[in-house]
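# Descriptive analysis of the structure
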Amino acid sequence: MSNPYLSTPNMFLLIAVVALYALKFAELSFMENVSWWWINGFAFFAFLWFEFFERMLGLDKRKDELLHEKMRKERLKRNFKEGKK
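As the structure is a computational prediction, the values presented were derived from the model and not from experiment. Every residue gets a number counted from 1 within its own chain, in the order that chain's sequence is written. pLDDT decides what is reported in this predicted model: residues at 70 or higher carry local features, side-chain atom pairs at 80 or more are listed and counted, and totals for whole chains, interfaces and linings draw on all residues regardless. The basis for every side-chain value is the complete set of heavy atoms in the structure, and neither hydrogens nor water enter the calculation.

Our focus in this paragraph is the packing of aromatic side chains. Under the pairing criterion, centres of Phe, Tyr and Trp rings, with the six-membered ring standing for Trp, must be within 6.5 Å; the plane angle then separates stacked pairs below 30 degrees from edge-to-face pairs above 60, leaving the rest tilted. Evaluated as defined, the whole model comprises 4 aromatic pairs. Aromatic pair phenylalanine 47 and phenylalanine 52: ring centres 6.4 Å apart, planes at 90°, arrangement edge-to-face. Only protein chains enter the calculation, and the probe is 1.4 Å; a residue is then buried if its accessible area is under 20% of its type maximum, exposed if over 50%, and partly exposed in between. Residue phenylalanine 47 is classed as partly exposed on the basis of its relative accessible area, which comes to 45%. Exposure remark for phenylalanine 52: the relative accessible area of 44% places this residue in the partly exposed category. The structure contains a cluster of three or more aromatic residues connected by ring pairs, namely Phe44, Phe47 and Phe52.

Printed below as a string of structure tokens:
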């Protein structure tokens, strides 16, 4: 069973933060001239998104509800098949 949290668009936000930190730390190409404040600001936005905005919009509950609904359907299907035998 795949993890629904890893397939959400929100994970791209975390991947982008890690990539920006890595590029800035290595001072590659255009990241040499970018201030650390911009990267830290983006990381702070990601923090705000996951701690406050995602909860306010109910996105964190939807993931759990979808996961539990999928597990329930699989359990019912499995039990129905076992009941026929």
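Axis separation between helix H1 (residues 10–26) and helix H2 (residues 36–57) bottoms out at 10 Å; the angle between their running directions is 160°. When the interaxial angle is binned, H1 and H2 end up roughly antiparallel. The hand of the H1/H2 crossing is left-handed. Packed against H1, whose contacting residues are Asn10, Leu13, Leu14, Ala16, Val17, Leu20, Tyr21, Lys24 and Phe25, the element H2 presents Trp36, Ile39, Asn40, Phe42, Ala43, Phe45, Ala46, Trp49, Phe50 and Glu54 at the interface. Ten residues, namely Ala, Val, Leu, Ile, Met, Phe, Trp, Tyr, Cys and Pro, are considered nonpolar, four, namely Asp, Glu, Lys and Arg, are considered charged, and the remaining ones, Gly among them, are considered polar. For the contact of H1 with H2, the per-class residue count stands at 15 nonpolar, 2 polar and 2 charged. Axis definition: a line fitted to C-alpha atoms, over the contacting stretch in the case of helices. Angles run 0 to 180 degrees between N-to-C directions. Under the scheme used here, helices are H or I runs from DSSP no shorter than 4 residues and strands are E runs no shorter than 2 residues, and both carry numbers assigned from the N terminus. Oblique is the label for every angle not falling under 35 degrees (roughly parallel), over 145 degrees (roughly antiparallel), or within 65 to 115 degrees (roughly perpendicular). For any pair of crossing helices, the crossing counts as left-handed if the nearer helix is rotated counterclockwise from the farther one by less than a right angle, and right-handed if it is rotated clockwise. Between two residues, a contact is recorded if the distance between any of their heavy atoms is within 4.5 Å.

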